[in-house]
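# Topology and contacts: notes
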Amino acid sequence: MRKLSPYLGSLIEVLDTPNRINVLDQIGQSGEYYAIPHILPLMDSEDGKIVGSAEMAVSKLLDSCPALELAWLNEHIRAWHPSPMEWKRLTNRLVEAMDQASFTRLSMSSMHWSGYVREAAVKRLAEEDNGRAFPFLLLRMNDWVPEIRNIAREYLEQRRTSNNAQHWIQNISLVDRLLTCGRDSFEPFVKSIHQLLRGSECTEALTEALTSQDNKIRRFANRASVEAEGADAAAVIEQALMDCDTEIRRWASQKVEACLENESLYKMLLLMKNDPVPSIRRESLALLAVYFPDAAKEILIDGLLDYNMTVRETARRYLNRLQPMDYSEYYLDVLWNGQEQYLAAAIAGLGETGQDFENEVLFEYSDHPSVSVRKAVLRGLAKLNPEPYASLFTDSLQSEQPGISREASRALRRYPYLVNPDELASIMSREQPDHVMRNALRLLPAFDRWKQLEILLDLLTYTREDRFKAKIREQLVTWAESSNRKFTGRPRENDITRIHNKLDYSRSEMEDVVLAKIEWFINT
């Protein structure tokens, strides 16, 4: 079930108090639709006021529930069952009351655990002619009772017209969900809805959907609008490139070459080069270099200082065709000119393009106050020549800054010979921040399997933090379960004695099954 906020959880806890009507009103105002399963039982209360308040709260919460989340709601509502003694009585009462039921009760009853109740609710929903029933009947198209599926399908197929385009678009995520459902063949139905919405008569509804608050609806509307009859694809793409949704902008960046040209294309490529998503910036640089090479040179040079490595690589690749240059010299110039805002990118670029002897330049910035600069130094040194800087990497592994510790861990995983196993064990046996322990544990697979075991046994013996002990035990379980596939032989005789001694110290911290496996591997 979706996690309740602390505020909503506190309201749910007092639903059984005499003040429940006021509490129901507050829950309804919260907009947290995942509270519906908690308040649904109150719709069956003997107190009419409570029933009315519960229905009102559910109605308000449904207004804030995205269409696709109704599928989640459906699973949780029908999961509740009364005792077998109550089944028949409750079912009969609900079916008899269906003729007078409100739309909210009908929609919830369409998800009921009883097929009789669902069928009665679906028949009543099929009398609705204003589109409100669409999402609930789309769910019932995959009902496990064939009669219910047929009622829902018949209703929806009768309303497969352009007059209902807005309702289809609002529920397009539930339409597409049918392709993942297996109780019937839904592909022809889904394809027919997509084809309908791409017709010229649905253009107005699609245009309106381009400004929907729902990202999924806007994604569909953009794709459908480009392919629709008589569509102004260029206008759609231009609008999509300015959308707040990353997926829509990424899709539009892949369509821009086919849909725009000349000045419109150039204008959008300039917009794309400043996008926060690296893949969109890469696409912009590539297309500028191909279609507007003269204007692209300066833009590609600016791209050499992008904060993303793949964008820098793209800029260098296309500059090689248009204006070959010595990139390491360029990055050195930026460093020595003191352009602080580009310092991290210039250091990273030098690490990607420089020579081994230039690692001394990078090392000069290893104690820079900026975290991004120090991370770039570690990446650059790892690429150029990491061996002289082993102590820098092990010290950085213990950094209080999670990003620096993670960067050091990545480098040491590539060059495990830079870290001494005993030193690593010593680092991990001391009190460390959580991120340091995690990053250190990630280094263990780089060592010999028997050395891994020794380190883990030492850590299990000397570590005092329970949360770290739990992680170490998990690693020992993994070691014991995978060793039979990865070992090629026993440890050396002088190692066996040492490992046995460490086992003796730590055996009280391990489960007997894991201990037995480890001893078997040692002695086999």
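Residues numbered from 1 in each chain as written. Predicted model: local features only at pLDDT ≥ 70, side-chain atom pairs only at ≥ 80, totals over all residues. Heavy atoms only, no water.

## Focus: the overall build of the chain
Note the cut-off: Helical segments are the DSSP runs of H or I of at least four residues, strand segments are the runs of E of at least two, and each set is numbered from the N terminus. Atoms considered for the radius of gyration are the C-alpha atoms alone. The globule rule reads 2.2 Å times the number of residues to the power 0.38. We call a residue buried when its accessible area falls under 20% of the maximum for its residue type, exposed when it is over 50%, and partly exposed in between, using a 1.4 Å probe and counting protein chains only. Here, two residues are considered to be in contact whenever any of their heavy atoms come within 4.5 Å of each other.
When helices and strands are counted, the chain shows 33 helices and zero strands. Radius of gyration (C-alpha) of the chain: 32 Å, far over the 24 Å computed for a compact globule of 524 residues. Dimensions along the principal axes, computed over C-alpha positions, put the chain at roughly 80 × 70 × 45 Å. Considering the chain as a whole, with its 524 residues, one finds that 51% of them fall into the buried category. By sequence separation, contacts in the chain at least 24 residues apart represent 61% of the contacts at least 6 residues apart.

## Overview of the side chain of Asn142
Along the chain, Asn142 turns up in the loop between α9 (134–140) and α10 (146–158). What Asn142 contacts, discounting residues up to four positions off in sequence, is Arg149, Cys181, Gly182, Arg183 and Phe186.

## Topic: the pattern of salt bridges
Defined as follows: Salt bridges are defined as contacts in which a side-chain nitrogen from Lys or Arg sits within 4 Å of a carboxyl oxygen from Asp or Glu.
On inspection of all chains with the given rule, the structure shows 27 salt bridges. A salt bridge links Glu127 to Arg124; the nearest nitrogen and oxygen atoms lie 3.3 Å apart.

## Quick notes on empty space enclosed by the protein
Selection criterion: A pocket, in this scheme, is an open set of points on a 1 Å grid over the protein atoms alone with protein on both sides within 12 Å along at least 5 of 7 lines, while a cavity is a set where a 1.4 Å probe fits but cannot get out; residues line either one if an atom lies within 4 Å of a point. Grid points are joined across faces, edges and corners, and a volume is the space filled by probe spheres set on the points. Polar here means any residue outside two lists: the nonpolar Ala, Val, Leu, Ile, Met, Phe, Trp, Tyr, Cys and Pro, and the charged Asp, Glu, Lys and Arg; Gly therefore counts as polar.
Counting across every chain of the model gives one cavity of 30 Å³ or more. Lining the largest cavity are Met309, Arg312, Ala348, Glu352, Ala376, Arg379, Gly380 and Lys383. Secondary structure elements with two or more residues in the lining of the largest cavity: α21 (309–322), α23 (343–353) and α25 (371–384). Among the elements that make up the lining of the largest cavity, the one with the highest residue count is α25 (four residues). Each residue belonging to the lining of the largest cavity can be placed in one class, and the counts come to three nonpolar, one polar and four charged.

## Thoughts on the packing of aromatic side chains
The geometry of two aromatic rings is summed up by the distance between their centres and the angle between their planes. Note the cut-off: Each aromatic pair joins two rings of Phe, Tyr and Trp (for Trp, the six-membered one) with centres within 6.5 Å, and gets the label stacked for planes under 30 degrees apart, edge-to-face for over 60, and tilted for any other angle.
As enumerated under the stated definition, the model contains 13 aromatic pairs in all. The interplanar angle of 70 degrees and the centroid separation of 5.5 Å between the aromatic rings of Tyr330 and Tyr331 together place this pair among those described as edge-to-face. Here Tyr330 and Tyr331 have matching classes, each one buried.

## Concerning the environment of Met309
With respect to the secondary-structure elements, Met309 resides in helix α21. C-alpha separation for the pair Met309 and Lys123, spaced 186 residues apart in sequence, amounts to 59 Å. If sequence neighbours within four positions are ignored, Met309 has contacts with Glu352 and Lys383.

## Focus: the nonpolar core
For clarity, the cut-off: Among the buried residues, those of types Ala, Val, Leu, Ile, Met, Phe, Trp, Tyr and Cys that are joined through side-chain atoms within 4.5 Å form a nonpolar core.
In terms of nonpolar packing, the biggest core is built from 97 residues, with Val256, Ile347, Phe393, Leu424, Leu476, Met510 and Ile518 touching the most fellow members. Apart from residues lying up to four places away in sequence, Ile347 is in contact with Leu335, Leu362, Tyr365, Val373, Ala376 and Val377. By size, the runner-up hydrophobic cluster in this structure holds 76 residues, among which are Ala35, Phe134, Leu156 and Phe186.

## Looking at the environment of Arg414
Note the following rule: Polar contact is defined as a pair of N or O atoms within 3.5 Å, subject to the rule that within protein one atom must be able to donate a hydrogen and the other to accept it, and that residues adjacent in sequence are counted only when both atoms are side-chain atoms.
Tracing the backbone shows Arg414 in helix α27 (residues 402–414). When the C-alpha atoms of Arg414 and Met268 are compared, they prove to be 40 Å apart, with 146 residues separating the residues in sequence. A distance of 3.1 Å separates a polar atom in the side chain of Arg414 from a polar atom in the side chain of Tyr415.

## Let's talk about helix α18 (residues 262–272)
Heads up, the condition is: Throughout, the arc means the angular range of directions from the helix axis out to the C-beta atoms.
Within the span of α18, buried status applies to Leu265, Met268, Leu269 and Met272. Each buried residue of α18 sits inside an arc of 105 degrees when the element is viewed along its axis, so together they form one side. In α18, those exposed residues whose orientation departs by more than 90 degrees from the buried face are Glu263 and Lys267. Against α16 (233–240), α17 (246–259) and α19 (278–291) lie the buried residues of α18.

## As for the packing of helix α15 (residues 215–227) against α16
Which entries qualify depends on this criterion: For helices, the axis comes from a line fit to the C-alpha atoms of the stretch in contact; other axes are also lines fit to C-alpha atoms, and the angle between any two N-to-C directions lies between 0 and 180 degrees. Any angle that falls under 35 degrees is termed roughly parallel, while one over 145 is termed roughly antiparallel, one within 65 to 115 roughly perpendicular, and all others oblique. Here a crossing is called left-handed whenever its near helix is offset anticlockwise from the far helix by less than a right angle, and right-handed whenever the offset is clockwise.
Running from amino to carboxyl end, α15 crosses α16 at an angle of 160 degrees, the nearest separation of the two axes being 8 Å. Put simply, α15 runs roughly antiparallel to α16. Two packed elements cross with a definite hand, and for α15 against α16 that hand is left-handed. Listed contacts from α16 to Asn222, Ser225 and Val226 of α15 are Ala233, Val236, Ile237 and Ala240.

## Brief notes about the side chain of Asn439
Turning to its location among the elements, Asn439 is positioned in helix α29 (residues 434–441). Here the side chain of Asn439 touches Ser405 through a polar contact of 2.9 Å, side chain to side chain. In this structure the side chain of Asn439 is engaged in a polar contact, spanning 3.0 Å, whose partner is the backbone oxygen of His435. Apart from residues no more than four positions distant in its own chain, Asn439 is found in contact with Leu397, Pro402, Ser405, Arg406 and Ser409.

## A look at the environment of Ala121
Its place among the elements puts Ala121 in helix α8 (residues 115–125). Along the chain, Ala121 and Met108 lie 13 residues apart, while their C-alpha atoms are 8.6 Å from each other. Not counting the four nearest positions on each side in its chain, Ala121 is found in contact with Met98, Leu106, Ser109 and Ser110.

## Some thoughts on unusual backbone geometry
In this structure, Asn262 takes a positive phi of about 55 degrees despite not being glycine. Position of Asn262 among the secondary structure elements: in helix α18. Given the relative accessible area of 56%, Asn262 is considered exposed.

## Some remarks on helix α32 (residues 493–506)
The condition that has to hold: Every helix has an expected span of 1.5 Å times one less than the residues it contains.
For α32, with 14 residues, the first-to-last C-alpha span of 20 Å sits near the 20 Å given by 1.5 Å per residue. Residues Asp495, Ile496, Ile499, Lys502, Leu503 and Ser506 constitute the buried set of α32. Buried residues along α32 cover an arc of 130 degrees about the axis, so they all sit on one side. Of the exposed residues in α32, those oriented more than 90 degrees away from the buried face are Glu493, Asn494 and Tyr505. Those residues of α32 hidden inside the fold are in contact with α30 (449–462) and α33 (512–523).

## What about a positive patch on the surface?
Put simply, the test is: The patch calculation keeps residues exceeding 30% relative accessible area without a salt bridge and links them within 9 Å when they carry like charges or within 5 Å when they are nonpolar (Val, Leu, Ile, Met, Phe, Trp, Tyr). To measure how exposed things are, a 1.4 Å probe is used in the Shrake-Rupley method; for residues, cover is taken only from the protein chains shown. Positive residues here are Lys and Arg, negative ones are Asp and Glu, while His and the chain termini are left out of the count. To locate a charge, the coordinates of NZ of Lys, CZ of Arg, CG of Asp or CD of Glu are taken.
A grouping of Arg406, Arg413, Arg438 and Arg442 is seen on the molecular surface, where their side chains present a positively charged patch. Here Arg442 lies in the loop between α29 and α30. Given a relative accessible area of 40%, Arg442 falls into the partly exposed group.

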